[in-house]
Each structure stands twice: as structure tokens, then as C-alpha cells.
Amino acid sequence: MFGLGMQELIIILVIILVLFGAKRLPELASGLGKAIKNFKKATTEPDEIDITPKKPVAEAKEEAKEETKKSA
């Protein structure tokens, strides 16, 4: 596992415990779990479908004509 043995993992856990304290450790683990869950959900979910109504073709053509008149 990435070249880390049991001794190295224990040392890393002790350092984390000293830095963050025993009280904040569950909060950090919970936050990390939620972040991973949201990431997985975002990568597997299909993109949202855009359901905003589109302008009618005639209206879009009129706006295009007005924009070309303004720019000329």
C-alpha cells in the first residue's frame, strides 16, 4: 500500500491526533467522507437538462436584425 507499513501508518495517525486533537478527529473524518460522497455523486450523475424555454425563431431573427442595425 504505497510502500507504507503498519509502523508508518501508526506514526502518521499519532501525528494527526496530536495536531487536531481527539475531539476534532470525528468531525474531520465526517467532512472527508461527505466530500468523497459528493465527489462520487457528481462524477456519476448525468449533466442537468436545460429546460428553459427557447425563444421562437421569428423573435430570435428580429433580435438578430436589430443587433446588426445597431452595430452598423
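Chemist: Explain the overall build of the chain to me, please; I cannot follow it from the model alone.
Modeler: Secondary structure assignment for the chain yields 3 helices and 0 strands. Overall, the chain shows an N-to-C arrangement of helices and strands of α-α-α. For 72 residues, the compact-globule formula gives about 11 Å, and the C-alpha radius of gyration of the chain, at 27 Å, lies well above that figure. When its C-alpha atoms are laid out on the principal axes, the chain stretches across 75 × 30 × 25 Å.

Chemist: Explain helix α2 (residues 25-44) here, please?
Modeler: In an α-helix, one full turn covers 3.6 residues, which means residues spaced three or four apart are oriented alike. Its 20 residues give α2 an end-to-end C-alpha distance of 29 Å, which sits within 8% of 28 Å, the value for a rise of 1.5 Å per residue. Burial of α2 is sparse: only 0 of the 20 residues sit out of reach of the surface.

Chemist: Just checking my understanding: could you explain a negative patch on the surface for this structure?
Modeler: A cluster of acidic residues, Glu 59, Glu 62, Glu 66 and Glu 67, forms a negative patch at the surface. Inspection of the secondary structure puts Glu 59 in helix α3 (residues 57-71).

Chemist: Which parts of the structure should I look at to understand helix α1 (residues 6-20)?
Modeler: The end-to-end C-alpha separation of α1 is 21 Å, in line with the 21 Å expected for 15 residues at 1.5 Å each. Just downstream of α1, Gly 21 is the residue with a positive phi angle, here 85 degrees.

Chemist: Got a minute to help me understand the environment of Val 14 in this structure?
Modeler: Its place among the elements puts Val 14 in helix α1. Using a relative accessible area of 47% as the deciding quantity, one classes Val 14 as partly exposed. In sequence terms Val 14 and Glu 59 are 45 residues apart; their C-alpha atoms lie 67 Å from each other.

Rules used in this analysis
Residues numbered from 1 in each chain as written. Predicted model: local features only at pLDDT ≥ 70, side-chain atom pairs only at ≥ 80, totals over all residues. Heavy atoms only, no water. Helix = DSSP H or I, 4+ residues; strand = E, 2+ residues; numbered from the N terminus. Rg over C-alpha atoms; globule rule 2.2 N^0.38 Å. Expected span 1.5 Å × (residues − 1). Buried < 20%, exposed > 50% of the residue type's maximum accessible area, 1.4 Å probe, protein only. Patch = residues over 30% accessible without salt bridge, like charges linked within 9 Å, V, L, I, M, F, W, Y side chains within 5 Å. Areas by Shrake-Rupley, 256 points an atom, 1.4 Å probe, with all protein chains shown as cover. Salt bridge = Lys/Arg side-chain N within 4 Å of Asp/Glu carboxyl O. Lys, Arg positive; Asp, Glu negative; His and termini not counted. Charge placed at Lys NZ, Arg CZ, Asp CG, Glu CD.

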